[in-house]
There are 2 protein chains.
Amino acid sequence: MDVVDSELHLVAAGRLRTAGQRFTANRRALVDVLADTPRPLAVHDILSIRADLPQSSAYRNLMVLEHAGVVRRVSGADGFARFELAEDLMGHHHHLVCSSCGSVQDFDAPPQLERAVARTAERVAVETGFGIRDHHLQLTGLCAACSR
Amino acid sequence: MDVVDSELHLVAAGRLRTAGQRFTANRRALVDVLADTPRPLAVHDILSIRADLPQSSAYRNLMVLEHAGVVRRVSGADGFARFELAEDLMGHHHHLVCSSCGSVQDFDAPPQLERAVARTAERVAVETGFGIRDHHLQLTGLCAACSR
DNA sequence: CTTTCTGCAAACGATTTGCAGCAGC
DNA sequence: GCTGCTGCAAATCGTTTGCAGAAAG
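Residues numbered from 1 in each chain as written. Chains lettered and ligands numbered in written order. Predicted model: local features only at pLDDT ≥ 70, side-chain atom pairs only at ≥ 80, totals over all residues. Heavy atoms only, no water.

Engineer: Could you clarify how one ought to interpret the protein's contact with DNA strand C in this entry?
Structural biologist: The immediate surroundings of DNA strand C are formed by 18 residues, with Tyr59 of chain A together with Gln21, Thr24, Arg27 and Arg60 of chain B found nearest. Backbone atoms, meaning sugar and phosphate, form 61% of the atoms of DNA strand C found within 4 Å of the protein. Asparagine 26 of chain B is positioned such that a nitrogen or oxygen atom in its side chain is 2.9 Å from a phosphate oxygen of DNA strand C. Note that a phosphate oxygen of DNA strand C is positioned 3.1 Å from one of the side-chain N or O atoms of asparagine 61 of chain B. Here the surface near DNA strand C gets five residues from one element, more than from any other, and that element is helix H4 (residues 55-67) of chain A. Considered class by class, the residues forming the surface near DNA strand C number five nonpolar, eight polar and five charged. (Near = heavy atom within 4 Å. Polar contact = N/O pair within 3.5 Å; in protein donor to acceptor, adjacent residues only side chain to side chain. Helix = DSSP H or I, 4+ residues; strand = E, 2+ residues; numbered from the N terminus. Nonpolar A, V, L, I, M, F, W, Y, C, P; charged D, E, K, R; others polar.)

In structure tokens:
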């Protein structure tokens, strides 16, 4: 476990404590699995990486972690819930979604695009009364495996 | 029913026919409900607008319409599937999602932003081997009702 | 007539929850 | 010890499917 990991653990523990929750072994396992993967994972994926985690605890703890602001839920193209670390822990990024197999991959946008999105978000907020918290670009298509 | 509606019906009928399907009353009803709403609808919403549609037929026909390219499935923030008319029937647009109640609202992006997104999509396609078909910007926050 | 569609009811499957025992503070 | 966490098994609920009859062409 390197410095970045232990920092991540400290932040996670702090946010859980603030939410009146403990940072248990199961929760640490979930955070570690998500930190090790450059894409959002479905519960099924998490369970196949860490077969020792019981399903119900995984679901329950992902909800706790989401509520504590450690984890973010991402809705994929298929009906499966996917999870990744919260953006302030992972870094801001966007998603590439395969419309055939539902897999999701992270990518970054250039600063110019980020600025253009921010300007539009501000305009839309004023026009609609929405309090905009965050934005997210999704590119949809066929992943390399599915287009073969 | 005005000219635009009847054109929509003709296009829908044509795409269904191409897919070996008929344009029945139930399917017309689904297309009409979606055409009348400036936001994607969950099945629950559709059924409360058209209470005469049986659930199973609604689900089955939405699948048929999606497969025929008349309707597009949008995954919201909550776990509910939402549907809207295909982009070439509706016009290109983006979504504003309320993270509290899950509601979705359409909005348009300025051409400058669209161009910036297109450029990035092209770059990402080359870098990842993804065949990118379409893109979609999602702004997340609290809708006017939920932030009160 | 043949093929597709419909509507009911039953099945499915991802997710959630009740509960009795265990663990952290 | 009290409060929260775990893991099992059962319940939930959006969605899908089998089937017998109705409708379209």
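Engineer: Please explain the interface of chain B and chain A as it appears in this structure.
Structural biologist: Interface size is commonly expressed as the accessible area that is lost once the parts come together. Taken together, the 37 residues of chain B in the interface contact 37 residues of chain A. Roughly 3,100 Å² is buried in total at the junction of chain B and chain A, and carbon and sulfur atoms are behind 58% of that figure. Linking chain B with chain A are zero salt bridges. At the boundary of chain B and chain A, one finds ten residue pairs in polar contact (both at pLDDT 80 or more). Among the elements that line the side of chain B that touches chain A, the one with the most residues is strand S6 (residues 131-142) of chain B, at twelve residues. Here the side of chain B that touches chain A is composed, by residue class, of 18 nonpolar, 14 polar and five charged. (Contact = heavy atoms within 4.5 Å. Buried area = accessible area lost by both parts, 1.4 Å probe. Salt bridge = Lys/Arg side-chain N within 4 Å of Asp/Glu carboxyl O.)

Engineer: Looking at this structure, I do not really get the packing of aromatic side chains. What am I missing?
Structural biologist: Each aromatic ring pair is characterised by the separation of its centres together with the angle its planes make. Scanning all chains against the criterion turns up zero aromatic pairs over all chains. Between arginine 28 of chain B and the ring centre of phenylalanine 23 of chain B, over which it is positioned, the NZ or CZ distance is 4.8 Å. (Phe/Tyr/Trp six-rings, centres within 6.5 Å; stacked < 30°, edge-to-face > 60°. Lys NZ or Arg CZ within 6 Å of the ring centre and 35° of its normal.)

Engineer: Even after reading the chapter, I still don't get the environment of arginine 73 of chain B, so can you show me in this structure?
Structural biologist: Residue and element names in this part refer to chain B. Here arginine 73 is to be found in strand S2 (residues 71-75). A residue is classified by how much of its surface remains accessible, and arginine 73, at 36% relative accessible area, is partly exposed. Expressed as a C-alpha distance, the spacing of arginine 73 and valine 33, which sit 40 residues apart in the sequence, is 15 Å. When sequence neighbours within four positions are dropped, the list of residues in contact with arginine 73 reads Met63, Glu66, Ala81, Arg82 and Phe83. (Buried < 20%, exposed > 50% of the residue type's maximum accessible area, 1.4 Å probe, protein only.)

Engineer: Explain the sheet that holds strand S1 (residues 41-42) of chain B to me, please; I cannot follow it from the model alone.
Structural biologist: Through backbone hydrogen bonds, the strands of a sheet pair up, either in parallel or in antiparallel fashion. All names here are of chain B. Spatially, the three strands line up as an open sheet ordered S1-S3-S2, and their pairing is antiparallel. Single-partner strands in this sheet number two, and they are S1 and S2. Across the sheet, helix H2 (residues 25-35) touches S1, S2 and strand S3 (81-85), and the angle it forms with S3 is around 85°. Packing of helix H4 (residues 55-68) onto the sheet brings it into contact with S2 and S3, and relative to S2 it is tilted by some 110°. (Pairing = 2+ DSSP bridges. Axes fitted to C-alpha atoms, helices over the stretch in contact; angles between N-to-C directions.)

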